[in-house]
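Architecture and fold: a report
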Amino acid sequence: METIANKKVSMAYLQEYELRAKKKFGQNFIIDPSVVRKIASLSHGGDTVVEIGPGLGALTQQLALMYKQVIAYEIDPHMVEVLSSSLSELDNVEVVLQDFMKADLSRFKGQKVSVCANLPYYITTPLLFKLMELDVYGMTLMVQKEIGERLAAKPNTREYSALTIQIQYYFDVKTVMNVSKESFHPRPNVDSIVVSLTPKAVEMPYDEKAFFAFVKACFQFRRKTLTNNLKTLNLDVDYHAVLTSCGIDEKVRADMLSYDDYIKLYGVLYA
């Protein structure tokens, strides 16, 4: 079976079906076989793996060599037509023609799966939270470099954000691979990063939705001090006294605090 992650092979499929990459679906096809082999090898194991946006099937093909079952969600009906040909020799791949954001994931209830995917860059964050509905061994995700750096960021860095805190609450996040823009057709404007997300055993003393809404509000204006962001909450409190009681300097910005700092602060304000 020929390797799909090859420029000659990929172009041949596109020409045969008179197709080109669609910007509205964030399509960029991997043409470097070493990239898809490495990404597949970094996935988390188990019997079943879920992929989003298989495109021509470059990563799908490699995953099918490692897993008993690959379930790939593809939004573009033209790509599904190509996949019926490119993956025809593989009997352990199920291609689902559906927008993953609208997918009913109850089919996976009681089943633990891995996720391995090249996420469309224009909708990465919503997809991350949709994927969190699954019970996973782990997720191996190729994302835009900027997003990947944000997911793995540390406090007091430019990349650190409310998203960082929320994702790192649920997962251990590691950057496992850098991918050059030259590995794609068409060539995107940015490089990519592959991140590995391994679930944590978590237990928060507060309502998670309310807590993370609070954290997001604290990051509302990144250049302002935390005190100024807290004032947007319109609480009748002395913020100087609150921060002092938590051992937090009133001049700090939101990106200087850890998850534990936010838990302590939330407890003083709302508990």
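What counts as what
- Residues numbered from 1 in each chain as written.
- Predicted model: local features only at pLDDT ≥ 70, side-chain atom pairs only at ≥ 80, totals over all residues.
- Heavy atoms only, no water.
- Pairing = 2+ DSSP bridges.
- Helix = DSSP H or I, 4+ residues; strand = E, 2+ residues; numbered from the N terminus.
- Axes fitted to C-alpha atoms, helices over the stretch in contact; angles between N-to-C directions.
- Contact = heavy atoms within 4.5 Å.
- Buried < 20%, exposed > 50% of the residue type's maximum accessible area, 1.4 Å probe, protein only.
- Polar contact = N/O pair within 3.5 Å; in protein donor to acceptor, adjacent residues only side chain to side chain.
- UniProt positions renumbered as here; feature names shortened; annotations may be inferred.
- Core = buried A, V, L, I, M, F, W, Y, C linked by side-chain atoms within 4.5 Å.

So, on to the sheet that holds strand β3 (residues 69-74). Read across the sheet, seven strands follow the order β4-β3-β2-β5-β6-β9-β7 without closing on themselves; strand pairing throughout is mixed. Single-partner strands in this sheet number two, and they are β4 (93-97) and β7 (171-179). Mean inter-strand twist for the sheet, computed between neighbouring axes without regard to direction, equals 20°. With two bridges connecting them, strand β2 (residues 48-52) and strand β5 (residues 113-118) associate as parallel partners. Across the sheet, residue V49 finds its bridge partner in β5, namely S114. Contacting β5, β6 (136-144), β7 and β9 (192-199), helix α2 (residues 33-41) runs over the sheet at an angle of about 165° to β7. Lying over the sheet, helix α5 (residues 124-131) contacts β2, β5, β6 and β9, oriented at roughly 175° with respect to β6.

Of note, S10 is situated in helix α1 (residues 7-16). Of the residues examined, S10 reaches a relative accessible area of 3% and is grouped as buried. Looking at S10, its side chain comes within polar contact range of the main-chain oxygen of I4, at 2.9 Å. Those residues in contact with S10, other than ones at most four positions away along the chain, are I4, I30, I31 and L56.

Taking the UniProt record as the reference, the feature "binding site: S-adenosyl-L-methionine" (unreviewed entry) is found at N28, I30, G53, E74, D99 and N118. Judged by its relative accessible area of 22%, N28 falls in the partly exposed class. Beyond its immediate chain neighbours, meaning those up to four positions away, N28 contacts N118, F184, H185, P186, R187 and P188. With a relative accessible area of 24%, D99 lands in the partly exposed category. In this structure the side chain of D99 is engaged in a polar contact, spanning 2.9 Å, whose partner is the backbone nitrogen of M101.

L141, L226 and Y262 are the most contacted members of the largest nonpolar core, which has 58 residues in total. At six residues, helix α7 (residues 162-170) tops the list of elements feeding residues into this core. Beyond its immediate stretch of four places on either side in the chain, L141 contacts V115, A117, L119, L128, L131, I193, V194 and V195. Formed by 32 residues, the second largest nonpolar core is a distinct cluster that contains Y67, V70, M79 and V82.

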